[in-house]
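# Descriptive structure summary
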Amino acid sequence: MQYYDEPLPQTITPYEYARWPRRIASSIIDGLVLGVITLPFLSPALSHALNASDPTRATFTGGEVRTILVVSITAQILYFTGMHAWRGATIGKIATGTMLLRDDGSPVTAAVAFTRAVALLGINFVSGFLLSIPAIVNLLRPIWSPRRQTWHDQIARTVVVRR
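Described below are features of the structure shown in this document. Worth saying up front: this structure is predicted, and the values here are computed from it rather than measured. (Residues numbered from 1 in each chain as written. Predicted model: local features only at pLDDT ≥ 70, side-chain atom pairs only at ≥ 80, totals over all residues. Heavy atoms only, no water.)

A few words now on the pattern of salt bridges. Opposite charge on two side chains allows them to pair when their charged atoms are near. Enumeration according to the criterion identifies four salt bridges in this entry. Residue D153 pairs with R116 through a salt bridge whose shortest N-O separation is 2.7 Å. Linking D153 in helix α6 (residues 151-156) with R116 in helix α4 (residues 110-127), this pair joins segments that are 37 residues apart in sequence. Like D153, the residue R116 is buried in the burial classification. When salt bridges with common partners are traced through the structure, they connect R23, R116 and D153 into a single cluster. (Salt bridge = Lys/Arg side-chain N within 4 Å of Asp/Glu carboxyl O. Helix = DSSP H or I, 4+ residues; strand = E, 2+ residues; numbered from the N terminus. Buried < 20%, exposed > 50% of the residue type's maximum accessible area, 1.4 Å probe, protein only.)

Below, the discussion takes up the packing of helix α1 (residues 20-50) against helix α2 (residues 62-87). Two elements in contact, α1 and α2, have axes separated by 10 Å at closest approach and are oriented at 160°. Judged by the inter-axis angle, α1 sits roughly antiparallel to α2. The crossing of α1 and α2 is right-handed. Residues D30, V33, L34, I37, T38, F41, L42, A45 and H48 of α1 touch α2, and the partners they reach there are E64, T67, I68, V71, S72, A75, Q76, Y79 and F80. Counted by class, the contact of α1 with α2 contains 11 nonpolar, five polar and two charged residues. (Axes fitted to C-alpha atoms, helices over the stretch in contact; angles between N-to-C directions. Parallel < 35°, antiparallel > 145°, perpendicular 65-115°, else oblique. Left-handed = near helix turned anticlockwise from the far one by under 90°. Contact = heavy atoms within 4.5 Å. Nonpolar A, V, L, I, M, F, W, Y, C, P; charged D, E, K, R; others polar.)

Working note: regular strand, side chains alternate between the two faces of the sheet. By the criterion of burial, strand β2 (residues 158-162) is predominantly enclosed, with four of the five residues buried. Both strand β1 (residues 98-102) and β2 contribute to a ladder of five bridges, which runs antiparallel. What sits directly across from R102, in β2, is T158. (Pairing = 2+ DSSP bridges.)

With respect to the helices and strands, the residue V33 is situated in helix α1. In the structure, V33 is positioned 46 residues away from Y79 in sequence and 9.4 Å away in space, judged by C-alpha atoms. Not counting chain neighbours up to four residues away, the residues in contact with V33 comprise Y79 and I91.

Another aspect to go through is the packing of α2 against α4. Contact pair α2 / α4: the axes reach a minimum separation of 8 Å and the direction vectors enclose 145°. Regarding α2 and α4, the two cross each other, and that crossing is right-handed. Residues I73, Q76, I77, F80, T81, H84 and A85 of α2 form the contact with α4, whose participating residues are A110, A113, F114, R116, A117, V118 and L121. In the contact of α2 with α4, the residues fall into 10 nonpolar, three polar and one charged.

This part takes up α2. End to end, α2 covers 37 Å across 26 residues, agreeing with the expected 38 Å (1.5 Å per residue, within 8%). The set of residues buried in α2 consists of E64, V71, A75, I77, Y79, F80, T81, M83 and H84. Elements in contact with the buried residues of α2: α1, α3 (91-96), β1 and α4. Positive phi appears at G88, one or two residues downstream of α2, with a value of about 75°. (Expected span 1.5 Å × (residues − 1).)

And the structure:
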């Protein structure tokens, strides 16, 4: 049985694990990309809140909240699964010179990419109830992890490496 913090097999030795600043830069770029992708779908709900007579009391209706959640979750799963399965990298990873591989050095499959995307969403969902602590620890974890993995990397058995 292989433990997550054991050294990787020889197939991945030519790669260097991506450092934390590159991963953060990639996440920021991907967040901007997702914002651009989802804005057309979310603009009716957002404009309702922005056009409130008292901006300090702007609220969303139940339908608007559901729309925001469904669009956001769907866009994230489709974007991360599709890009990782197709290119091994999202636009953020391409821009920062990194890529996603399975922990044995092989390319990421659609199933692995989907598992990783759902794990990230799950961690962020649980964080909504726990003062964001799990999301913050997940974000910082590559700083002290030997293979610079987040929890969603460990769940999906993936690593982020430099190209």
